[in-house]
Amino acid sequence: MNFQFNDTQLLIRETARKFAVDRAAPGTIDRDEQESFPADLVKELGELGFMGMMVPEEWGGSGMDTVSYVLAVEEVSRVDASLGVIMSVNNSLVCFGLNKYGTDEQKERFLRDLATGKKLGAFALSEPEAGSDATNQHTLARKDGDSYILNGTKNWITNGSTADIIIVMASNDRSKGSKGISTFVVEKGTPGLTVAKKEKKLGIRSSDTVSLSFSDCRIPAGNRIGDEGAGFRFAMKTLEGGRIGIASQALGIAQGCLDASVRYAGERKAFDKPISQLQAIQFKIADMATNVEASRALTVRAALLKDSGKPFGKEAAMAKLFASKTAVMAALEAIQIHGGYGYVREYLVERYLRDAKITEIYEGTSEIQRIVISRALLRA
Ligand code: CAA
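Residues numbered from 1 in each chain as written. Predicted model: local features only at pLDDT ≥ 70, side-chain atom pairs only at ≥ 80, totals over all residues. Heavy atoms only, no water.

1. Here we look at the overall build of the protein
Just so we agree on the cut-off: Starting at the N terminus, helices and strands are each numbered in turn, a helix being any DSSP run of H or I of at least four residues and a strand any DSSP run of E of at least two. C-alpha atoms define the radius of gyration, and 2.2 Å times the number of residues to the power 0.38 defines the globule rule. Three labels apply to residues, based on accessible area from a 1.4 Å probe with only protein chains included: buried if under 20% of the type maximum, exposed if over 50%, partly exposed otherwise in between. Should any heavy atoms of two residues lie within 4.5 Å, those residues are considered in contact. Computed with a 1.4 Å probe, the accessible areas rest on the Shrake-Rupley method; for each residue, only the protein chains presented here act as cover. His residues and chain termini do not enter the charge count, which takes Lys and Arg as positive and Asp and Glu as negative. One atom stands in for each charge, and that atom is NZ of Lys, CZ of Arg, CG of Asp or CD of Glu.
Scanning the protein for helices and strands turns up eleven helices and ten strands. For the protein, whose C-alpha radius of gyration is 21 Å, the value lies close to the compact-globule estimate of 21 Å for 380 residues. Once the C-alpha set of the protein is aligned to its principal axes, its extents read approximately 80 × 45 × 40 Å. Expressed as a percentage of the 380 residues in the protein, the buried residues total 53%. In the protein, once contacts between residues fewer than 6 apart in sequence are set aside, the share between residues at least 24 apart is 74%. On the protein, roughly 16400 Å² of surface is accessible, and the fraction owed to carbon and sulfur atoms is 52%. Separation of charge centres in the protein, based on 49 positive and 48 negative side chains, amounts to 4 Å.

2. Thoughts on the packing of helix α4 (residues 66-79) against helix α8 (residues 279-307)
Test applied: Axis angles are defined between N-to-C directions and span 0 to 180 degrees, where every axis is a line fitted to C-alpha atoms and, for a helix, only to the segment in contact. In this classification, Asp, Glu, Lys and Arg are treated as charged, Ala, Val, Leu, Ile, Met, Phe, Trp, Tyr, Cys and Pro as nonpolar, and every other residue, Gly included, as polar.
Look at α4 against α8: their axes get within 8 Å of each other, and the N-to-C directions meet at 145°. Across the interface between the two elements, Thr66, Val67, Val70 and Glu74 from α4 touch Arg296, Thr299, Val300, Ala303, Leu304, Lys306 and Asp307 from α8. Of the residues assigned to the contact of α4 with α8, the class counts are five nonpolar, two polar and four charged.

3. Focus on the pattern of salt bridges
Test applied: Here, a salt bridge means any Lys or Arg side-chain nitrogen found within 4 Å of an Asp or Glu carboxyl oxygen.
For the coordinates displayed, the defined rule picks out 27 salt bridges. The partner of Glu35 in a salt bridge is Lys200, with the nearest N and O atoms 3.1 Å apart. With Glu35 in the loop between α2 (28-34) and α3 (39-47) and Lys200 in the loop between β6 (193-198) and β7 (209-220), this residue pair connects regions lying 165 residues apart in the sequence. Between Lys284 and Glu333 there is a salt bridge, with its nearest N and O atoms 3.3 Å apart. With a gap of 49 residues between them, Lys284 in helix α8 and Glu333 in helix α9 (residues 313-338) connect regions that are remote in the sequence. The structure contains a network of salt bridges with shared partners spanning Asp32, Glu33, Glu35, Lys200, Arg205, Arg345, Glu350 and Arg354.

4. A short note on the site of the ligand
Let me state the cut-off plainly: Near residues are defined by distance, with any heavy atom within 4 Å of the molecule or strand qualifying the residue. Two N or O atoms count as a polar contact when they lie within 3.5 Å, although within protein this holds only if one can serve as hydrogen donor and the other as acceptor, and sequence-adjacent residues are included solely when both atoms are side-chain atoms. Domain start and stop positions are those given by an automatic or database domain assignment.
Residues in close proximity to the ligand total 24 residues, the closest being Thr158, Lys179, Glu240, Arg243 and Arg375. At 2.7 Å, a side-chain N or O of Lys179 approaches an oxygen atom of the ligand. Contact distances for the ligand include 2.8 Å between an oxygen atom and a side-chain N or O atom of Arg243. When the free accessible area of the ligand is taken as 1100 Å², the share hidden by the protein chains comes to 71%. Counting only elements with at least two residues in the shell around the ligand, the list comes to α5 (81-101), β3 (147-158), α7 (231-267) and α11 (366-379). Looking at the shell around the ligand element by element, the count peaks at seven residues for α7. Among the residues forming the shell around the ligand, the class breakdown is ten nonpolar, seven polar and seven charged. Looking at the shell around the ligand, you find at least three residues from each of domain 2 (122-227) and domain 3 (233-379).

5. Comments concerning the packing of α3 against α5
Rule in force here: Oblique is the label for any angle not under 35 degrees, not over 145, and not in the 65 to 115 range, which are roughly parallel, roughly antiparallel and roughly perpendicular in turn. Each crossing gets its handedness from the near helix: less than a right angle anticlockwise from the far helix is left-handed, clockwise is right-handed.
Where α3 meets α5, the closest approach of the two axes is 11 Å, and the angle between their N-to-C directions is 50°. Classified by the angle between their axes, α3 and α5 sit oblique to one another. In the crossing of α3 with α5, the sense of the turn from one axis to the other is right-handed. When α3 is examined against α5, the residues Leu41, Val42 and Leu45 are found in contact with a partner set consisting of Leu83, Ile86 and Met87. When grouped by side-chain class, the residues that make up the contact of α3 with α5 number six nonpolar, no polar and no charged.

6. Section: the side chain of Arg31
Locating Arg31 in the fold gives a position in helix α2. Among residues more than four places away in sequence, those in contact with Arg31 are Ala24, Ser36, Pro38, Leu41, Asp80 and Ser206.

7. A few points about the side chain of Thr183
Residue position: Thr183 is located in strand β5 (residues 181-187). Look past the residues within four positions of Thr183 in its chain and what remains in contact with it is Ile167, Val168, Met169, Asn223, Arg224, Ile225, Gly231 and Phe234.

8. Some words on the pairing of β3
Filter applied, for reference: Strand pairing is assigned whenever DSSP detects at least two bridges linking the two strands.
The buried fraction of β3 amounts to nine of the twelve residues, a majority that puts the element mostly inside the structure. Judged from the five bridges that link them, strand β2 (residues 140-144) and β3 form a sheet pairing that is antiparallel. Counterpart to Asp144 in the pairing with β3 is Ser147. Connecting β2 to the next strand, β3, in antiparallel fashion are two residues, including Gly145 with a positive phi near 60°. Relative to β7, β3 runs antiparallel, the two being bridged by nine bridges. When the bridges of β7 are listed, Thr153 appears paired with Ser213.

9. Considerations on the environment of Ser178
Its place among the elements puts Ser178 in the loop between β4 (165-171) and β5. Classification of Ser178 by relative accessible area gives partly exposed; the value is 26%. Here the alpha-carbon distance between Ser178 and Ala230, two residues 52 residues apart in the chain, equals 8.5 Å. When near neighbours in sequence (up to four residues on either side) are disregarded, Ser178 contacts Thr135, Gly229 and Phe232.

10. Examining the domain arrangement of the protein
Note the following rule: Here the quantity called buried area is the total loss of accessible area, with a 1.4 Å probe, experienced by two parts when brought into contact, counted for both.
Domains assigned within the protein are domain 1 (7-120), domain 2 (122-227) and domain 3 (233-379). The C-alpha centroid of domain 3 is placed 20 Å from the C-alpha centroid of domain 1. With 25 residues of domain 1 at the contact, the number on the domain 3 side is 34 residues. Between domain 1 and domain 3, the buried area comes to about 2400 Å², and carbon and sulfur atoms account for 60% of it. The largest contributions to the domain 1 side of the interface with domain 3 come from Glu74, Arg78 and Leu93, which together make up 23% of the buried area. The tally of links between domain 1 and domain 3 comes to four salt bridges. With a shortest N-O distance of 2.7 Å, Asp259 and Arg78 are connected by a salt bridge. For the side of domain 1 that touches domain 3, the elements supplying multiple residues, two or more each, are α2, α4 and α5.

Have a look at this one:
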């Protein structure tokens, strides 16, 4: 595997880093405190070409590779993990599926504006009784002439109330299990679509997470992506790439913890010397850095496999499993290194811990990643 980044990838990393430091960093604490959605920053991400990074230029995207995407999500999340997930969902869960499975007409209608950042997307798979058990879809899509009528509830939808375009999985026939599920596009403002509840969260508080209600929500039959019954496969294939995005987000959080810890250890004195001279602190930094590099290697490896057209589902699951665990551990250790300062709001590290935890839950819990990995190995 070649882990040497090329000039374009390095430029993207630099551009994302500059955006994160100059534009995102100043307001992160306030946005977290006030749970305010960073609409202006999302618009700027669109202008930088970061909202449809892997979409071909002919559909308004930047035509970049997955490695570049990993580098950009890492840099943004290193400073603001809420922005990281907003960007990741639009890129990997919304643009990817439309580009891969949508018709040209659907790409023209939906993908172009999503890829340029003019519109924002959301991905609605989870339900009150279908989180990890994602085939257990209760949202129904009934065919009625040239329309489908959707009824049901979707939970924990990132970008849910701000999104212009929502990718919705729903069942045409529950008796068919996973083979009864299809994928639909529902546009904001469609009668029958409402935001049922805005979640108050532990972390990633400036991202928008809601439950959505569909009540006799009529959409054109032309909004179905792919065949009837192909929706579960669509969701699984899309989530494989999504897990690379969340691994990158977790990697960014972990790197942010390492940055803050190294900085603080050099500044803070105890027993007449900087705490960086204490072996207890040195060992924590060494372990953190080693796990950050291992997370980066796993994440870039999954991205390289995806870019080369090879299967990458197992590797994406490994990257997410390891990087999310690293993010939580790095945040806990960063708080320990900061001592009392680590526990209070005005320092960054307590937010890193709150933000890190979700990376072990969404886009497949760590337990689901272990299922994906072990099934791939045991079937081989
Ligand atoms: N690619 C293609 N097909 C796949 C697949 C994949 N990666 N994974 C499963 N399938 C197919 C299977 O082959 C099977 O088809 P056949 O019946 O023809 O063989 C069908 O899908 C059903 O699969 P399983 O029998 O394996 O189903 P299962 O009930 O055992 O569940 C699971 C599989 C891996 C546990 C899956 O349900 C899963 O990934 N759950 C987690 C869901 C998840 O990640 N949710 C995240 C929500 S999105 C989110 O968080 C977004 C956000 O806003 C941030």
